[in-house]
Amino acid sequence: MDIKKLSLKKFIEDSEIVEQEFDFAGYAGIAEIYAMSIVLFRKGNSQDVCAMAFYNIVHRELISLANNIISNIGLGVKFGSSMKKIKRKYGEPFSMYETYIDTVDCNYLVKPDLFICFGVTNNRLAYLQIVNDYEMAQDIADARREY
């Protein structure tokens, strides 16, 4: 799963995308943002996307767009997928913790440079973080192990 060359411009019109300075897990960089819900993050001055996040994916249009993006990178699950399907694809998470009522973060270090957090609400995928950068993936995984 490689997100490095991904751009929101492949999926939606430029005029709907905001590009701005952004902090992702303590790392400074630039992000492409759509509807304050989908973020593609480039660390420092890099041209490569090293992290992506999907939050508040609740409207039909956002669900469709988010599912199109994650299908394009070969994630193997989509928004609304059950926890059972996620575990079938990725196994048991190395850490799980409740973030809100009925919401659990399920953290996976798939490879040393690939961290995925599936946010599951009412047993369904509701939000998602993917980090495809060794340093960031290790830092985030270390922090999540402490929960």
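Residues numbered from 1 in each chain as written. Predicted model: local features only at pLDDT ≥ 70, side-chain atom pairs only at ≥ 80, totals over all residues. Heavy atoms only, no water.

Let's shift gears to the pairing of strand β6 (residues 103–111). Bridging between strand β5 (residues 95–100) and β6 involves five bridges; their strand directions are antiparallel. Bridge pairing in β6 links Glu98 to Val104. Counted between consecutive antiparallel strands, the loop separating β5 from β6 contains two residues, among which Asp102 sits at a positive phi close to 65 degrees. Sheet analysis places β6 next to strand β7 (residues 114–121), joined by eight bridges and oriented antiparallel. Each bridged residue has a counterpart across the sheet, and for Lys111 the counterpart in β7 is Leu114. Linking β6 to β7, which pair antiparallel, is a turn of two residues. (Pairing = 2+ DSSP bridges. Helix = DSSP H or I, 4+ residues; strand = E, 2+ residues; numbered from the N terminus.)

Now for the environment of Leu40. With respect to the element layout, Leu40 can be found in strand β3 (residues 38–43). Residue classification places Leu40 among the buried residues on the basis of a relative accessible area of 1%. Between the C-alpha atoms of Leu40 and Phe54, which are 14 residues apart in sequence, the distance is 9.1 Å. The residues touching Leu40, leaving out its near neighbours within four places in the chain, are Leu6, Ser7, Leu8, Ile30, Ala31, Glu32, Val49, Ala51 and Met52. (Buried < 20%, exposed > 50% of the residue type's maximum accessible area, 1.4 Å probe, protein only. Contact = heavy atoms within 4.5 Å.)

Attention shifts here to unusual backbone geometry. Note on backbone geometry: most residues besides glycine have negative phi, and most peptide bonds are trans. Even without being glycine, Ala25 reaches a positive phi, approximately 55 degrees. Residue placement: Ala25 occurs in the loop between β1 (18–24) and β2 (27–34). The phi torsion at Ala35 lies on the positive side, around 55 degrees, for a residue other than glycine. Mapped onto the elements, Ala35 comes out in the loop between β2 and β3. Residue Ala35 is classed as partly exposed on the basis of its relative accessible area, which comes to 46%.

Evaluated as defined, the whole model comprises eight aromatic pairs. On the numbers, 5.6 Å between centres and 25 degrees between planes, the contact of Phe24 with Phe41 is stacked. In this pair, Phe24 is assigned in strand β1 and Phe41 in strand β3, connecting sequence segments 17 residues apart. The class of Phe24 is buried, set by a relative accessible area of 7%. (Phe/Tyr/Trp six-rings, centres within 6.5 Å; stacked < 30°, edge-to-face > 60°.)

Across all of its chains, the model carries seven salt bridges by this definition. The shortest N-O distance in the salt bridge between Lys5 and Asp48 comes to 2.5 Å. Pair noted here: Lys5 is in the segment before β1 and Asp48 is in the loop between β3 and β4 (51–54), with a separation of 43 residues, a long-range link. Owing to a relative accessible area of 68%, Lys5 belongs among the exposed residues under this scheme. The partner of Glu32 in a salt bridge is Arg42, with the nearest N and O atoms 3.8 Å apart. (Salt bridge = Lys/Arg side-chain N within 4 Å of Asp/Glu carboxyl O.)

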